[in-house]
Amino acid sequence: MGETPRRRGRPRKHPPQIDPGTPELQRHRILLAGAADAPLAEDPLALMVARGLLQPTQAQAGRYYASLYRRAVGPPHLSTNAHYQRLAMNAPATAFGEEDAGVAEARRLYRLGKEKLLQAGRLVAEATEDLVVFGVRPGILMAVSVTGRNASKRSKPAVPADARYRAILAGLEALAAGYGFRDSHRSR
């Protein structure tokens, strides 16, 4: 009898897999995450939760604040792409008064969180924003300490790592309480 007809052309592609990165990047993530899940090393908040330094609701409040910051203020990393696109297309600049209700609500909620952080103290606000908005890893997450020849060349931080960690905890706790996230850990 007849053979079943074969489809001609290119074979089907398999679903894309997540790229684990180079072997060097994998080792770096394992060094950062320790016994925790290595992909968590990409996000400082997730890494702190994996190491037991934060509660998940505190990290969730931090991510929420960061998303409000991006929506209300703009992305934390500067880019001139939009400016050059407007120049290339001779598009008129948009007026500052034109904003939708979503941006206005994001700004209101961002200001609420910023007020909560500033009420807790300037160090608390700076340390928390450095972590959640700008992705600066606190000193408590550093896997390897600086020793040897390069240690004398680096200046000592103005605030010790444990004080910044306590400030971050206070800031994330203030954000969790201000935004109504439940089950936040208060006894640290």
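The coordinates are above.
Computed from a predicted structure; not experimentally measured.

Draft legend 1. Highlighting the overall build of the protein chain. A count of helical and extended segments in the protein chain gives 8 helices and 0 strands. The order of α-helices and β-strands along the protein chain, N terminus first, is α-α-α-α-α-α-α-α. Burial status across the protein chain gives 29% buried among its 188 residues. Summarising the internal contacts of the protein chain: among those between residues at least 6 apart in sequence, 68% fall at separations of at least 24. When the accessible surface of the protein chain is summed, it comes to about 13800 Å², and 54% of that surface belongs to carbon and sulfur atoms.

Draft legend 2. A look at the packing of helix 5 (residues 101–120) against helix 6 (residues 122–132). Axis separation between helix 5 and helix 6 bottoms out at 6 Å; the angle between their running directions is 130°. One element, helix 5, and the other, helix 6, form an angle in the oblique class. Residues Tyr110, Lys114, Leu117, Leu118 and Ala120 of helix 5 form the contact with helix 6, whose participating residues are Val124, Ala125, Thr128 and Glu129.

Draft legend 3. Quick peek at the packing of aromatic side chains. Per the counting criterion, the structure on display carries 5 aromatic pairs. Here a set of aromatic residues connected by ring pairs shows up, and it is made of Tyr65, Tyr69, Tyr110 and Phe134.

Draft legend 4. The side chain of Gln58, seen in detail. The residue Gln58 is located in helix 3 (residues 56–72) in this model. Taking relative accessible area as the criterion, Gln58 reaches 1% and is therefore assigned buried. At 3.1 Å, the side chain of Gln58 forms a polar contact with the side chain of Glu173.

Draft legend 5. Here's a closer look at the pattern of salt bridges. Overall, the coordinates contain 6 salt bridges when judged by the stated rule. A salt bridge links Arg108 to Glu105, with the shortest nitrogen-to-oxygen separation between them at 2.8 Å. Here Arg108 and its partner Glu105 are both found in helix 5, 3 residues apart, which amounts to about one turn of the helix. Accessibility expressed as a relative area gives 35% for Glu105, which makes it partly exposed. In this structure, Lys114 and Glu129 form a salt bridge, with 3.0 Å as the shortest nitrogen-oxygen distance. Here Lys114, found in helix 5, pairs with Glu129, found in helix 6; they are 15 residues apart in sequence, far enough to count as distant. Residue classification places Lys114 among the partly exposed residues on the basis of a relative accessible area of 25%.

Draft legend 6. Local environment of helix 6. Regarding helix 6, the residues found buried are Val124, Ala125, Ala127, Thr128, Glu129, Leu131 and Val132. Residues of helix 6 that are buried sit in contact with helix 2 (44–50), helix 3, helix 5 and helix 8 (161–179).

Draft legend 7. Region of interest: helix 3. Between its first and last C-alpha atoms helix 3 spans 24 Å; for 17 residues at 1.5 Å apiece the expected length is 24 Å, and the two agree. Those residues of helix 3 not exposed but buried are Thr57, Gln58, Ala59, Ala61, Gly62, Tyr65, Ala66, Leu68, Tyr69 and Ala72. Considering only its buried residues, helix 3 is in contact with helix 2, helix 5, helix 6 and helix 8. Positive backbone phi, at 130°, marks Gly74, one or two positions downstream of helix 3.

Draft legend 8. Highlighting the nonpolar core. With 34 residues, the main nonpolar core has Leu45, Met48, Tyr65, Val132, Leu172, Leu175 and Tyr179 as its most contacted residues. For this core, the secondary structure elements donating two or more residues are helix 1 (23–33), helix 2, helix 3, helix 5, helix 6 and helix 8. Of all the elements, helix 8 adds the most residues to this core, at 8 residues. Not counting the four nearest positions on each side in its chain, Leu45 is found in contact with Leu54, Ala59, Gly62, Arg63, Leu131, Val132 and Leu172.

Conventions we followed
Residues numbered from 1 in each chain as written. Predicted model: local features only at pLDDT ≥ 70, side-chain atom pairs only at ≥ 80, totals over all residues. Heavy atoms only, no water. Helix = DSSP H or I, 4+ residues; strand = E, 2+ residues; numbered from the N terminus. Buried < 20%, exposed > 50% of the residue type's maximum accessible area, 1.4 Å probe, protein only. Contact = heavy atoms within 4.5 Å. Areas by Shrake-Rupley, 256 points an atom, 1.4 Å probe, with all protein chains shown as cover. Axes fitted to C-alpha atoms, helices over the stretch in contact; angles between N-to-C directions. Parallel < 35°, antiparallel > 145°, perpendicular 65-115°, else oblique. Phe/Tyr/Trp six-rings, centres within 6.5 Å; stacked < 30°, edge-to-face > 60°. Polar contact = N/O pair within 3.5 Å; in protein donor to acceptor, adjacent residues only side chain to side chain. Salt bridge = Lys/Arg side-chain N within 4 Å of Asp/Glu carboxyl O. Expected span 1.5 Å × (residues − 1). Core = buried A, V, L, I, M, F, W, Y, C linked by side-chain atoms within 4.5 Å.

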